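# Examination of the molecular architecture
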Amino acid sequence: DIWRKPLFSLSYGLVFVLIGLAITAGLWQIGMSSTIPVAAGAFALVGPLMAVGLYEMSRRYQTGEPLNLKGVVLVKTASPIHLFYVGFCLLLAAYCNLVSFSKAVRVGQIEKTPLIMPPGFGFKT
């Protein structure tokens, strides 16, 4: 699909790259750089939901429908309730991930606790 209409595919992907960079830069700027991995994990969870526009492009290519920006960005799904449930579950998982990580950072479990290996774990010297 990228070879048929490279402008649509690349610009759609570029939008999400820019969103990710903006989130990373914003977290870095406000001094919350320790939550950048959590944001990346949340972005990876929500990414498949955001890729619906790319799936719509492929579907339109296969059916011979015209490709326009409005049709790709505002996708009408055949089953919107299922898309809602998937999106809700992914956002809930991302929220739980963020909350648990931020509580661990506040308590000091991330930065101050050294890595302790159990006895017999690892390589013998």
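Residues numbered from 1 in each chain as written. Predicted model: local features only at pLDDT ≥ 70, side-chain atom pairs only at ≥ 80, totals over all residues. Heavy atoms only, no water.

### Notes on the overall build of the protein chain
Using the following cut-off: The way it works is that DSSP assigns letters per residue, a run of H or I at least four long becomes a helix, a run of E at least two long becomes a strand, and they are numbered from the N terminus. Throughout, exposure labels follow a simple rule: accessible area from a 1.4 Å probe, protein chains only, divided by the maximum for the residue type, with under 20% read as buried, over 50% as exposed, and the rest as partly exposed. Any pair of residues with heavy atoms lying within 4.5 Å of one another is described as a contacting pair.
Secondary structure assignment for the protein chain yields 5 helices and 0 strands. In the protein chain, which comprises 125 residues, the proportion classed as buried is 20%. Counted over contacts in the protein chain with a minimum sequence separation of 6, partners at least 24 positions apart contribute 52%.

### Notes on the packing of aromatic side chains
As a reminder, the rule being used: To pair, rings of Phe, Tyr and Trp, with the six-membered ring standing in for Trp, must have centres within 6.5 Å; the planes then decide the type, stacked if under 30 degrees apart, edge-to-face if over 60, and tilted in the middle.
Following the criterion strictly, the structure yields 3 aromatic pairs and no others. Centroid distance phenylalanine 84 to phenylalanine 88: 6.2 Å. Interplanar angle 20°. Geometry classified as stacked. Pair noted here: phenylalanine 84 and phenylalanine 88 are both in helix 5 (residues 80–107), with a separation of 4 residues, about one helical turn. Judged by its relative accessible area of 47%, phenylalanine 88 is partly exposed.

### Focus: the nonpolar core
Proteins that are soluble and globular tend to have nonpolar side chains buried together. Convention followed: Residues grouped as a nonpolar core are buried Ala, Val, Leu, Ile, Met, Phe, Trp, Tyr and Cys residues, joined through side-chain atoms within 4.5 Å.
Core analysis: the largest hydrophobic core is formed by 5 residues, namely Tyr12, Met57, Tyr61, Leu67 and Val72. If near-sequence neighbours (up to four positions away) are discounted, leucine 67 is found in contact with Lys5, Phe8, Met57, Arg60, Tyr61 and Val72.

### Some words on helix 2 (residues 36–50)
The cut-off we apply is this: To estimate the expected span of a helix, count its residues, drop one, and scale the result by 1.5 Å. For a residue, the bend is simply the angle between two axes, fitted respectively to the seven-residue segment ending there and the seven-residue segment starting there.
The terminal C-alpha atoms of helix 2, which comprises 15 residues, lie 19 Å apart, in line with the 21 Å expected from a rise of 1.5 Å per residue. When the local axis directions of helix 2 are compared, the greatest deviation, roughly 30°, occurs at alanine 44, which is followed within four positions by the proline proline 48. Those residues of helix 2 that sit buried are Ile36, Val38, Ala42 and Val46.

### Thoughts on the side chain of arginine 60
Basically, it comes down to this: Counted as a polar contact is a pair of N or O atoms within 3.5 Å, where, for protein atoms, one must be capable of donating a hydrogen and the other of accepting one, and residues adjacent in sequence contribute only when both atoms are in side chains.
With respect to the element layout, arginine 60 can be found in helix 3 (residues 52–63). Polar contacts involving the side chain of arginine 60 include one to the main-chain carbonyl oxygen of proline 66, which spans 2.8 Å. With residues up to four places along the chain from it excluded, the contact list for arginine 60 reads Glu65, Pro66, Leu67, Asn68 and Gly71.

### Points about the pattern of salt bridges
Working definition: two side chains of opposite charge can pair if their charged atoms are close together. So the rule is basically this: Definition used for salt bridges: Asp or Glu carboxyl oxygen within 4 Å of a side-chain nitrogen of Lys or Arg.
One pass over the structure, following the stated rule, counts 3 salt bridges. The salt bridge partner of arginine 59 is glutamate 65, with a shortest N-O separation of 2.9 Å. The class for glutamate 65 is partly exposed, based on a relative accessible area of 32%. Here the salt bridges share partners, and the residues they tie into one network are Glu56, Arg59, Arg60 and Glu65.

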